[in-house]
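Below, each chain spelled out in residue letters.
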Amino acid sequence: MDITVLGSGSAIQFEERASASFLIEANGKKILLDAGFHLLDRLEKNGIMADEIDAVYISHKHPDHFFGLLHLLFALKNRYYSPKEKLHIFGFKGLEAWIRSFQKLMGRWLEPNIELIFSEDTKGEFDEIKWQTFKTVHSPESTGIVLESKGKKIVYSGDTEMFDKLINIVNLADVFIAECGSGNNKKIKGHMCLNDILYITESAKVARVLLTHIYPETDQTDAEWKHGATLFTRSYDHYKISL
Ligand SMILES: [Zn+2]
Ligand SMILES: [Zn+2]
């Protein structure tokens, strides 16, 4: 599995850090984990066109995690693209009604000529990529996701506060994409600070952590360092890992 960080930032203006989006490429498929602002621009800079996306996972309802999906749906109407027949959209409970409500509001502008296949299941399999969502502590519907393929495991925290079950969830992960939206000193409710993430990796076996959802206050760590056996990277847009 290959991971490309498309957006390592959050909701605010922050030069070179778009809001949350990650591209997972595995078994010939392209899956987005969240679809933040600037998604299409970030895909283009990585040589990926909008019509190459197979599936989009949306973790929760905050605009910095899904507005890019609305842009994607609009773009796919354009004759510039040759969309596939289907686009899979999966994630939190109530996702389909949520996205359909925007389609209702915007009418045909958000109705590309492709089949949208929604799933609100908590687990499934997509071309030999097993996925399972988990509840996070952030908003009523918020989730994170575990992806497993060919013996590799990626965990994406979505947005969340630290919670003890997360230790079990990230255990044995090859990569933990961990939101770090809170400063260590100035704790923000609903987000993790670096100390929370260090604590998780002291109890769980995790090969690599990619810090993301970075605010100016959380942009102060070293670029890369080891904590115990875990390699920490303060991620940035266009950063890539091949597993
Ligand atoms: Zn967010
Ligand atoms: Zn959020």
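The structure contained in this document is the topic of the report that follows. As the structure is a prediction and not an experimental result, all values here were calculated from the model. (Residues numbered from 1 in each chain as written. Chains lettered and ligands numbered in written order. Predicted model: local features only at pLDDT ≥ 70, side-chain atom pairs only at ≥ 80, totals over all residues.)

For the rest of this paragraph, the subject is unusual backbone geometry. Phi is positive for H38, close to 70°, though the residue is something other than glycine. In this structure, L172 takes a positive phi of about 70° despite not being glycine. Here L172 shows up in the loop between α4 (165-170) and β11 (173-179). Residue classification places L172 among the exposed residues on the basis of 12 C-beta atoms within 10 Å. (Helix = DSSP H or I, 4+ residues; strand = E, 2+ residues; numbered from the N terminus. Buried ≥ 20, exposed ≤ 12 C-beta atoms within 10 Å, placed from the backbone.)

Our focus in this paragraph is the sheet that holds strand β4 (residues 55-58). Pairing is mixed in the open sheet, where 7 strands are placed in the order β6-β5-β4-β3-β2-β1-β15. Taken across any chain shown, the strands that pair with only one partner, and hence form the sheet edges, are β6 (115-119) and β15 (240-242). Taking the axes of each pair of neighbouring strands and ignoring which way they run, one obtains an average angle of 20° across the sheet. Note: strand β2 (residues 21-26) against strand β3 (residues 29-35), 6 bridges, orientation antiparallel. Each bridged residue has a counterpart across the sheet, and for E25 the counterpart in β3 is K30. Packing against the sheet, helix α2 (residues 63-75) makes contact with β2, β3 and β4, and its axis sits at approximately 125° to β3. (Pairing = 2+ DSSP bridges. Axes fitted to C-alpha atoms, helices over the stretch in contact; angles between N-to-C directions. Contact = placed C-beta atoms within 7 Å.)

Below, the discussion takes up the environment of K135. Within the fold, K135 resides in strand β8 (residues 129-135). Using a count of 17 C-beta atoms within 10 Å as the deciding quantity, one classes K135 as partly exposed. It is 9.6 Å that separates the C-alpha atoms of K135 and S59, two residues lying 76 residues apart in sequence.

With that settled, consider the nonpolar core. Counting 60 residues, the largest nonpolar core has I24, V56 and I154 as the members making the most contacts within it. By residue number, the principal contributor to this core is β11, which donates 5 residues. Those residues in contact with V56, other than ones at most four positions away along the chain, are L32, A35, L69, L87 and I89. (Core = buried A, V, L, I, M, F, W, Y, C linked by C-beta atoms within 7 Å.)

An α-helix turns once every 3.6 residues. As a result, residues three or four positions apart point the same way. The end-to-end C-alpha distance of helix α3 (residues 95-106), which contains 12 residues, comes to 17 Å, matching closely the 16 Å that a straight helix rising 1.5 Å per residue would cover. One or two positions beyond α3, positive phi appears at G107, with a value near 60°. (Expected span 1.5 Å × (residues − 1).)

Attention now moves to the environment of D164. Relative to the helices and strands, D164 resides in the loop between β10 (152-156) and α4. Under the C-beta neighbour-count criterion, D164 is labelled exposed, with 9 such atoms within 10 Å.

Moving on, we get to the environment of F14. For F14, the position within the fold is in the loop between β1 (2-7) and β2. Separated by 40 residues in the primary sequence, F14 and D54 have C-alpha atoms spaced 29 Å apart. Once residues lying within four places of it in the same chain are set aside, the contact partners of F14 are G9 and P216.

Geometric values such as these leave the question of function open.
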